[in-house]
Amino acid sequence: CIASKIIRSKSSGNFYQMFDPITDSLLIASAYVDKFYRILEDGSSLIITDRSADSMYVFQGRKLAGIGHSIHDSLTWLMSLVENVDRDKYRFYLEINLEEAIRRSSSRENGDVVKLSEEVVRELAKSLEVYRLLKEAFERDYMTVDAHLSISEVTQQLLKRIDI
């Protein structure tokens, strides 16, 4: 899709510094909608994603709030851009506190621990707050899962809640 090509060529792997927040939001929403319709054209009946719509709302919403829009208005506008395709059957909210999110973000597969900068911790805290806002302020049907459990325990909780 054209929007995806523009994003890939302009972002250089950094989706935070492409154009301006409004243009970025329109491009990302366009790519999201295009991806959805391509998946449907392939005949897929089950699509599993990792927070793709919610992540777009959180990160683009924060960028729009950074240029003077309220976070609530930003989220509402972003949702309107993809409302015809953002219709997940299951939407899970992984409830986690900041300390655990920092611990997990600092851990590496090889066992090393990388200290997060204060700026990264602040950004993580802001993102967690916007995810909470999505869950609480908007009429979205989330199944809450305790993300403080191990990955295998979280997976088991998720599998129990869906009827595939």
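Caption draft 1: Seen up close, the side chain of serine 25. Mapping serine 25 onto the fold places it in helix H2 (residues 21-41). The exposure class of serine 25 is buried, given its relative accessible area of 0%. Separated by 3.1 Å, the side chains of serine 25 and glutamine 60 make a polar contact.

Caption draft 2: The arrangement of the pattern of salt bridges in detail. All chains considered together, the criterion is met by 7 salt bridges. A salt bridge links arginine 38 to aspartate 34; the nearest nitrogen and oxygen atoms lie 2.5 Å apart. Of the two residues, arginine 38 and aspartate 34 are both situated in helix H2; the distance of 4 residues between them amounts to about one turn of the helix. Classification of arginine 38 as partly exposed rests on a relative accessible area of 43%. Here the residues in one salt-bridge network are Arg62, Glu123 and Lys126, joined through shared partners.

Caption draft 3: Representation of the confidence of the model for the protein chain. Of all residues in the protein chain, 85% have pLDDT values of 70 or greater, and the mean over the chain is 81. The least confident element of the protein chain is helix H1 (residues 2-11), whose mean pLDDT is 69; the most confident is helix H4 (residues 71-81), at 91.

Procedures and definitions
Residues numbered from 1 in each chain as written. Predicted model: local features only at pLDDT ≥ 70, side-chain atom pairs only at ≥ 80, totals over all residues. Heavy atoms only, no water. Helix = DSSP H or I, 4+ residues; strand = E, 2+ residues; numbered from the N terminus. Buried < 20%, exposed > 50% of the residue type's maximum accessible area, 1.4 Å probe, protein only. Polar contact = N/O pair within 3.5 Å; in protein donor to acceptor, adjacent residues only side chain to side chain. Salt bridge = Lys/Arg side-chain N within 4 Å of Asp/Glu carboxyl O. pLDDT = per-residue confidence, 0-100.

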